[in-house]
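# A closer look at the structure
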Amino acid sequence: MIKTRCITLGKFEKNSINEDAVCARKNLIAVSDGAGGGGLFADIWSKYLVSHLPHKPITTAEQLDEWIGLIWESYYNMAEKSAKKLGGMALDKFYDEGSFATLAAVWSQNDNICHWMTYGDSVVFHYDYATKKLTHSFTSLADFNNAPYLINCKDELNLEGFWSGRFPLNKNSIVFVTSDALSHYILMMYELSRKEEYASEIERASSSNSKNINLIAKAQSLPNIRFEKEVIDKLRKAVYDKTIFQKWTESLYRKGLLVLDDYSLAVIYET
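The notes below deal with the structure included here. (Residues numbered from 1 in each chain as written. Predicted model: local features only at pLDDT ≥ 70, side-chain atom pairs only at ≥ 80, totals over all residues. Heavy atoms only, no water.)

### Description of the environment of Y127
As a reminder, the rule being used: Secondary structure elements are defined from DSSP: runs of H or I of at least 4 residues count as helices, runs of E of at least 2 residues count as strands, and each element is numbered from the N terminus. Relative accessibility decides the category of a residue: with a 1.4 Å probe and only protein chains considered, values under 20% of the type maximum give buried, values over 50% give exposed, and everything between is partly exposed. We call two residues in contact whenever any of their non-hydrogen atoms come within 4.5 Å of each other. Under this definition, polar contacts are N or O atom pairs within 3.5 Å; protein pairs additionally need one hydrogen-donor-capable and one acceptor-capable atom, and for neighbouring residues in sequence, both atoms have to be side-chain atoms.
The residue Y127 is located in strand β7 (residues 123-128) in this model. Judged by relative accessible area, Y127 falls into the buried class, the value being 2%. Sequence separation between Y127 and T178 is 51 residues, and the spatial gap between their C-alpha atoms is 13 Å. If we skip the residues at most four places from it in the chain, Y127 touches K132, K133, L134, N172, S173, I174, F176, F227, E228 and I232. A polar contact of 2.7 Å, which involves the side chain of Y127, links it to the side chain of E228.

Take a look at the structure:
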């Protein structure tokens with residue numbers, strides 16, 4: 001039996017708007033991270049994307065482009081009306097920039113295979129309890145320093161930003177999706193728990209000039225990282241309880257292991 005679950009949490013700041021969106025349907029999980037650094041209505045656009053995902057997997061960049069072509073106009077018209085109510089400057093900004101968001105989704109099929117797609121730096125992970133191996137949809141830890149590809153409600157899709165693949169799903173594994181800040185933490189902790197295997201990747205990420213080097217330095221000072229117990233087991237519990245999720249992420253933030261951001265998590269597993 002397949003089970004899905006999702007949870008999202010806004011920044012630990014008063015009056016902050018959570019620009020992430022999540023969904024967990026019978027055979028689908030997804031995370032969209034609205035990018036509020038440009039454009040308008042990032043929170044609404046991210047929710048719109050996950051709520052309109054098709055029942056069948058998107059497996060190619062052309063399919064993603066075709067799907068966006070089918071759904072963008074109704075969102076654009078709705079957002080345009082909202083921008084007009086805000087006034088001329090907001091309307092000009094919307095016309096010039098639109099709305100931006102990442103997207104990562106997973107569809108579970110009857111053959112115990114999960115088909116996934118990503119666009120941007122929200123990440124799909126697969127963890128195998130038997131082998132203790134984590135695999136993922138992203139490129140490398142250092143690439144979290146780069147500006148992500150973003151889906152815009154009005155501009156053409158850059159097909160180079162699309163990634164897709166498949167992960168197995170059985171009683172020894174779990175597949176999950178997270179937005180970028182949580183994704184960085186998960187990948188960082190896994191690689192540091194296997195320092196020899198990922199030495200060159202850790203070095204490349206540590207030598208980059210970004211805020212993430214402070215997170216890596218703090219994690220490197222930890223005496224021992226028990227990845228399954230400290231990361232996988234905790235996220236499995238947190239996805240079921242917002243209080244647990246908030247306490248966990250707040251603790252990681254206070255320890256300097258997690259950057260301040262919106263945090264989103266969706267999981268799919270077999271029982």
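### Observations regarding the pairing of strand β5 (residues 103-108)
What counts is decided by this rule: For two strands to pair, DSSP has to find at least two bridges joining them.
Of all six residues in β5, six are buried, a share of seventy percent or more. Residues of β5 alternate between two faces, with L103, A105 and W107 on one and A104, V106 and S108 on the opposite face, all of them buried. Note: strand β3 (residues 28-33) against β5, four bridges, orientation antiparallel. Across the sheet, the residue bridging to L28 is W107, located in β5. Where β5 meets strand β6 (residues 113-119), six bridges bridge the pair, whose relative direction is antiparallel.

### Here's the deal with the pattern of salt bridges
Operational definition: The salt bridge definition used is simple: a Lys or Arg side-chain nitrogen within 4 Å of an Asp or Glu carboxyl oxygen.
This model, assessed by the stated rule, comprises seven salt bridges. Where K154 meets D155, a salt bridge forms, and the shortest distance between an N and an O atom there is 2.9 Å. Since its relative accessible area comes to 29%, K154 is described here as partly exposed. With a closest N to O distance of 3.3 Å, E230 and R226 form a salt bridge. The class of E230 is buried, set by a relative accessible area of 18%.

### As for a positive patch on the surface
Just so we agree on the cut-off: Patch members must show over 30% relative accessible area and no salt bridge, and they are joined within 9 Å when carrying like charges or within 5 Å when they are nonpolar side chains of Val, Leu, Ile, Met, Phe, Trp or Tyr. Only the protein chains shown count as cover for residues, with accessible areas throughout obtained via the Shrake-Rupley method and a probe of 1.4 Å. Counting rule for charge: Lys and Arg are taken as positive, Asp and Glu as negative, and neither His nor the chain ends is counted. Charge placement uses NZ in Lys and CZ in Arg. For Asp and Glu, CG and CD serve respectively.
There is a patch of like positive charges on the surface, built from K229, K234, K237, R254 and K255. For the positive patch, the element with the highest residue contribution is helix α7 (residues 227-238), accounting for three residues. Tracing the chain through its elements places K234 in helix α7.

### Some words on a negative patch on the surface
On the surface, E62, D65, E66 and E156 cluster together to form a negatively charged patch. Mapping D65 onto the fold places it in helix α2 (residues 61-86). You can call D65 partly exposed: its relative accessible area is 37%.

### Looking at the sheet that holds strand β2 (residues 20-24)
Where we set the bar: Axes here refer to lines fitted to C-alpha atoms; in helices the fit is confined to the stretch in contact. Angles between the N-to-C directions go from 0 to 180 degrees.
Strand order in this open sheet of five strands is β2-β3-β5-β6-β10, and the pairing throughout is antiparallel. Two strands in the sheet have a free side with no partner beyond their single neighbour: β2 and β10 (162-168). Ignoring which end each strand starts from, the neighbouring axes of this sheet average 10 degrees apart.

### Some remarks on the packing of aromatic side chains
To be explicit about the condition: In this analysis, rings of Phe, Tyr and Trp, with Trp reduced to its six-membered ring, are considered paired at centre separations within 6.5 Å, and the interplanar angle assigns stacked below 30 degrees, edge-to-face beyond 60, and tilted for intermediate values. Geometrically, a lysine NZ or arginine CZ counts as sitting over a ring once it is within 6 Å of the ring centre and also within 35 degrees of the ring normal.
One pass over the structure, following the stated rule, counts 18 aromatic pairs. When the ring of Y48 is compared with that of Y75, the centres are 5.3 Å apart and the planes differ by 50 degrees; the resulting orientation is tilted. Note that Y48 is positioned in helix α1 (residues 42-51) and Y75 in helix α2, a separation of 27 residues in sequence. Taken as a pair, Y48 and Y75 share a single burial class, namely buried. The structure contains a cluster of three or more aromatic residues connected by ring pairs, namely F41, W72, Y76, F94 and Y95. Its guanidinium or amino end placed over the ring of Y269, R236 lies 4.6 Å from that ring's centre, counting from NZ or CZ.

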